[in-house]
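So the chains spell out like this:
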Amino acid sequence: MKVAILSGSVYGTAEEVARHAKRILDKAGFETLHDPRASLADIQAFAPEAFLAVTSTTGMGELPDNIQPLYYAIRDQLPAAWRGLPGAVIGLGDSSYGDTFCGGGEQLRELFAELGLRELQPMLRLDSSETVTPETDAEPWLAEFISALKG
């Protein structure tokens, strides 16, 4: 199964979580695409069969600058070929920001819903005020994601 990993990061933490997820998915036998600079055309050419999004949150709950062009391109086109595919989101944030905690992840969840993707499991919320090893903290959730994809 081909899994496209979308990622948005400000300081690199979400990128590291995405790279770690790619290694785990590859080891589990999936074919993955993770390129933080991928365009919509790049992702469509890969012909994904599932999606994983990993993003941090900036400002007042927004997506990082590096994922915004891809987000808007997907939102503007809503590729019909992706309807019904499985997907899930890992959101990174700081719970001290209250209502905007993991707001970037919530935006991607909403986009996945607009695309008609099937959410395989609830969004993982990684709180920077509680963890210093988000990639390791994501491993149990990723194991469930892999099981759901294989199931």
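These figures come from a predicted structure and were not determined experimentally.

Conventions we followed
- Residues numbered from 1 in each chain as written.
- Predicted model: local features only at pLDDT ≥ 70, side-chain atom pairs only at ≥ 80, totals over all residues.
- Heavy atoms only, no water.
- Core = buried A, V, L, I, M, F, W, Y, C linked by side-chain atoms within 4.5 Å.
- Buried < 20%, exposed > 50% of the residue type's maximum accessible area, 1.4 Å probe, protein only.
- Helix = DSSP H or I, 4+ residues; strand = E, 2+ residues; numbered from the N terminus.
- Contact = heavy atoms within 4.5 Å.
- Phe/Tyr/Trp six-rings, centres within 6.5 Å; stacked < 30°, edge-to-face > 60°.
- Lys NZ or Arg CZ within 6 Å of the ring centre and 35° of its normal.
- Axes fitted to C-alpha atoms, helices over the stretch in contact; angles between N-to-C directions.
- Parallel < 35°, antiparallel > 145°, perpendicular 65-115°, else oblique.
- Left-handed = near helix turned anticlockwise from the far one by under 90°.
- Polar contact = N/O pair within 3.5 Å; in protein donor to acceptor, adjacent residues only side chain to side chain.
- Pairing = 2+ DSSP bridges.
- Right-handed = clockwise from strand over helix to strand, strands pointing away.

> Hey, could you go over the nonpolar core for me, with residue numbers and the actual values?
L6, I43, F51, I74, W82, L108 and F112 are the most contacted members of the largest nonpolar core, which totals 24 residues. Elements represented by at least two residues in this core include exactly β1 (2-8), α2 (40-46), β3 (50-55), α3 (68-77) and α4 (103-115). Counting residues per element, this core draws most heavily on α4, which supplies 4 residues. Filtering out sequence-adjacent residues up to four positions away, W82 remains in contact with L40, I43, Q44, P48, F51, I74, L115 and L117. Formed by 22 residues, the second largest nonpolar core is a distinct cluster that contains L25, V54, A88 and W141.

> I'd like a rundown of the packing of aromatic side chains, residues and numbers included.
Per the counting criterion, the structure on display carries 4 aromatic pairs. Where F51 meets F112, the ring centres are 6.1 Å apart and the plane angle is 55°; that geometry is what we call tilted. Placement of F51 in strand β3 and of F112 in helix α4 is noted, with a sequence separation of 61 residues between them. The same class applies to F51 as to F112, namely buried. Chaining the aromatic ring pairs together yields one cluster made of F51, W82 and F112. Note that K2 overlies the ring of F46, its terminal NZ or CZ placed 4.8 Å from the centroid.

> Hey, could you go over the packing of α3 against α4 for me, with residue numbers and the actual values?
Relative to each other, α3 and α4 sit at 25°, their axes nearing to 10 Å. It follows from the interaxial angle that α3 and α4 lie roughly parallel. Regarding α3 and α4, the two cross each other, and that crossing is left-handed. Together, Y71, I74 and R75 of α3 and Q107, L108, L111, E114 and L115 of α4 make up the contact between the two elements.

> Lay out the side chain of T131 in plain terms, naming residues and giving numbers.
Checked against the element boundaries, T131 lands in the loop between β6 (124-127) and α5 (134-137). Separated by 3.0 Å, the side chain of T131 and the backbone nitrogen of T133 make a polar contact.

> Go over the pairing of β1 with me, naming the residues and quoting the values.
Look at any regular strand and the pattern is simple: side chains alternate between the two faces of the sheet. With 6 of 7 residues buried, β1 lies mostly within the body of the structure. Sheet topology note: the β1/strand β2 (residues 31-34) ladder contains 4 bridges and is parallel. Bridged to I5 within β2 is H34. Handedness of the β-α-β unit built from β1, helix α1 (residues 13-27) and β2 comes out right-handed. Relative to β3, β1 is paired through 6 bridges, and the arrangement is parallel. Bridging across to β3, S7 finds its partner in V54.

> An account of unusual backbone geometry is needed here, citing residue identities and associated values.
Residue A47 is not a glycine yet carries a positive backbone phi of 55°. Mapped onto the elements, A47 comes out in the loop between α2 and β3. Its identity is not glycine, yet C102 carries a phi of approximately 60°, on the positive side. Relative to the assigned elements, C102 resides in the loop between β4 (86-93) and α4.

So yeah, pure geometry; function would need other evidence.
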